[in-house]
Amino acid sequence: MEKKNALENAREQLRLAGDYLEIEENILEYLNYPKQILTVNCPVKMDNGEIKMFRGYRILHSDVRGPGKGGVRYAPEVDMDEVTALAMWMTFKCALANLPLGGAKGGITCDPSTMSDNELERLTRRFTSAIIDVIGPNKDIPAPDMNTNEQTMAWIMDTYSMQVGTTTPSVVTGKPVEIGGSLGRSDATGLGVAFVLREFCKRRNLTLKDQKIIIQGFGNVGSSLAKNLADWDVKVIGISDITGGYFDKSGLDIREMLDYISVNKNLKNYNKNERITNKELLGHQCDFFCPCAVENQITEDNAESLQCKYIIEGANGPTTPKADIILRQRNIEAIPDILANAGGVICSYFEWVQDLAAIRWSLKRVNNELENIILESFDNVYRMQEERNISFRLAAYLIAVDRLAKAIRYRGFYP
Ligand code: GLU
């Protein structure tokens, strides 16, 4: 059975690109490890008066191309290896989109579904003050990730601002617009995935409206991808969330499902469609399968059973390197995470720029610029995979790793 370690996977992806590009061993070694790891232990007073300890991390993988950038994740599975892998993927994602940013990630090992808002606020504020020395508008800029949202970012921004003595919106992105957030940020990752899917269809002469899509995950990314596809009249035939899979071969009613989760948190009692398991959803026939949940979903163990033609990765790290080999043998093409889900960090970059310059962009401008940047990345990757007859993932990594290696060579080694 394949070991599911996100960090090993991220390192394997880097190694494959490094070998292909014949990059110096010292540069690969440099990128193989994060620049800085901060582990913190946060005591939090729970609502029942008890003090509970929470382990948190902020990991800066690389700031060679600019300040660290990446989300903060709250989940029971969070550990140092996972956060390191996610930070590495941020470095490659920002380099591929050619943003002047490096890669970082944070996380707290906790189960937010069992915590009250007050407990989450105290945890977030304590975590922020514990990592205050390593974050900042020119150092490392956190953002939302799994189980964190604009409220979490508002608490981080407020705690940081209170400690440094000046209101500093540019310390985090994904904030509410009322305190310096950007229009379009909450929808940006899913919209970016939708742009990539649409562009892929265009290049392959596939009629967008004829495609049958399955989305794994109905969180921020999956739900906004579904919404954008529904707006374009594209059929989403399957969706899953933590409560299982929902299927309708003639197309799910996405707007109704979105209304449902806005009231009910998850789809558990949404009884309108056929229910299937997550495993059945993965193995169901469709044109595009879009994993938008967590890492390690498409592995050596199930890659043979996938019945889709293409994969567009909305999640970070959903496909393992061993699964990638099987997919390639089976002619299932996968558009990798560092390209397909870059819309979130691209919009975060716009938010940071707006905050630093104290200006505001219209939603139209945000979405147009997002489309321009993600399609330019897509075009670079598409041409590279065609020219060299390699996978989209390898092509994306070649571009990202080459840019990083060049930056490292130009900067040289201090002192
Ligand atoms: N958490 C998101 C990601 O994995 C966004 C990070 C950001 O906006 O900085 O790409």
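Residues numbered from 1 in each chain as written. Predicted model: local features only at pLDDT ≥ 70, side-chain atom pairs only at ≥ 80, totals over all residues. Heavy atoms only, no water.

Undergrad: Can you break down the nonpolar core residue by residue, with the values?
TA: In this structure, Phe92, Ile215 and Ile239 are the most contacted members of the largest nonpolar core, which totals 94 residues. A total of 13 residues in this core trace back to one element, the largest contributor, which is helix α14 (residues 392–411). By size, the runner-up hydrophobic cluster in this structure holds 24 residues, among which are Val72, Cys110, Leu123 and Val171. (Core = buried A, V, L, I, M, F, W, Y, C linked by side-chain atoms within 4.5 Å. Buried < 20%, exposed > 50% of the residue type's maximum accessible area, 1.4 Å probe, protein only. Helix = DSSP H or I, 4+ residues; strand = E, 2+ residues; numbered from the N terminus.)

Undergrad: Before we move on, could you go through the sheet that holds strand β7 (residues 235–241) and cite the residues and values that matter?
TA: Ordered by their spatial adjacency, seven strands build an open sheet running β9-β8-β7-β6-β10-β11-β12, and the pairing between neighbours is mixed. Looking at which strands have only one partner, the edges of the open sheet turn out to be β9 (274–276) and β12 (333–335). Averaged over neighbouring strand pairs, the angle between their axes works out to 20° when direction is ignored. With two bridges connecting them, strand β10 (residues 288–291) and strand β11 (residues 310–312) associate as parallel partners. (Pairing = 2+ DSSP bridges. Axes fitted to C-alpha atoms, helices over the stretch in contact; angles between N-to-C directions.)

Undergrad: Any chance you could break down the site of the ligand for me, citing the residues and the numbers?
TA: In the region of the ligand, 14 residues are neighbours, and Lys69, Lys93, Pro144, Asp145 and Ser348 sit closest. Here serine 348 contributes a side-chain N or O atom positioned 2.6 Å from an oxygen atom of the ligand. Isolated, the ligand exposes 300 Å² of accessible area, and the fraction of that covered by the protein chains is 94%. Only β3 (68–75), α3 (80–96), β5 (140–144) and α12 (343–357) provide two or more residues apiece to the shell around the ligand. The residue makeup of the shell around the ligand, split by class, is four nonpolar, five polar and five charged. (Near = heavy atom within 4 Å. Polar contact = N/O pair within 3.5 Å; in protein donor to acceptor, adjacent residues only side chain to side chain. Areas by Shrake-Rupley, 256 points an atom, 1.4 Å probe, with all protein chains shown as cover. Nonpolar A, V, L, I, M, F, W, Y, C, P; charged D, E, K, R; others polar.)

Undergrad: Explain a nonpolar patch on the surface to me, and be specific about the residues and the numbers.
TA: On the surface, Val177, Leu183 and Leu363 cluster together to form a nonpolar patch covering roughly 220 Å² of accessible area. Of note, leucine 183 is situated in the loop between α5 (150–164) and α6 (185–203). (Patch = residues over 30% accessible without salt bridge, like charges linked within 9 Å, V, L, I, M, F, W, Y side chains within 5 Å. Salt bridge = Lys/Arg side-chain N within 4 Å of Asp/Glu carboxyl O.)

Undergrad: Can you explain the environment of serine 224? Please cite residues and give values.
TA: Looking at where serine 224 falls in the secondary structure, it is placed in helix α7 (residues 220–231). Along the chain, serine 224 and valine 345 lie 121 residues apart, while their C-alpha atoms are 15 Å from each other. If near-sequence neighbours (up to four positions away) are discounted, serine 224 is found in contact with Asp187, Gly190, Leu191 and Gly219. In terms of polar contacts, serine 224 uses its side chain to reach the side chain of aspartate 187, at 3.1 Å. (Contact = heavy atoms within 4.5 Å.)

Undergrad: An account of the side chain of threonine 128 is requested, with residue identities and associated values reported.
TA: Within the secondary structure layout, threonine 128 lies in helix α4 (residues 117–130). Residue threonine 128 is classed as buried on the basis of its relative accessible area of 0%. Separated by 2.6 Å, the side chain of threonine 128 and the backbone oxygen of threonine 124 make a polar contact. Apart from the residues lying within four places of it in its own chain, the contact partners of threonine 128 are Ile135, Ile156, Thr159 and Tyr160.

Undergrad: Lay out the pattern of salt bridges with the relevant residues and their values.
TA: Here the structure, examined in full by the defined rule, presents 32 salt bridges. Note that arginine 409 and glutamate 24 form a salt bridge whose closest N and O atoms lie 2.8 Å from each other. Residue arginine 409 is located in helix α14, and its partner glutamate 24 is located in the loop between α1 (6–21) and α2 (25–32); the two are separated by 385 residues in the primary sequence. By relative accessible area, which is 33% here, glutamate 24 ends up partly exposed. Through salt bridges with shared partners, a single network forms among Arg73, Glu82, Lys105, Asp145 and Glu295.

Undergrad: Got a sec to walk through the packing of aromatic side chains? Specific residues and values, please.
TA: Tallied over the entire structure, the rule returns 14 aromatic pairs. Ring centres of tyrosine 349 and tryptophan 352 lie 6.4 Å apart, and the angle between their planes is 45°; on these two criteria the pair is classed as tilted. One end of the pair is tyrosine 349 and the other is tryptophan 352, both in helix α12 and three residues apart, which spans about a single turn. Taking the relative accessible area as the measure of exposure, tryptophan 352 reaches 9% and is therefore buried. Judged by centre distance (5.7 Å) and plane angle (50°), the ring pair of tyrosine 382 and phenylalanine 392 falls under tilted. In this pair, tyrosine 382 is assigned in helix α13 (residues 363–388) and phenylalanine 392 in helix α14, connecting sequence segments ten residues apart. We classify phenylalanine 392 as buried; its relative accessible area is 3%. (Phe/Tyr/Trp six-rings, centres within 6.5 Å; stacked < 30°, edge-to-face > 60°.)

Undergrad: Can you tell me about α13, naming the residues and giving the values?
TA: Turn by turn, an α-helix covers 3.6 residues, leaving residues three or four places apart pointing in a common direction. When the terminal C-alpha atoms of α13 are compared, their 38 Å separation across 26 residues agrees well with the 38 Å that a helix rising 1.5 Å per residue should span. Buried residues of α13: Val366, Leu370, Ile373, Ile374, Leu375, Ser377, Phe378, Val381, Tyr382, Met384 and Gln385, and no others. Positive phi shows up at asparagine 389, right after α13, with a value of about 50°. (Expected span 1.5 Å × (residues − 1).)

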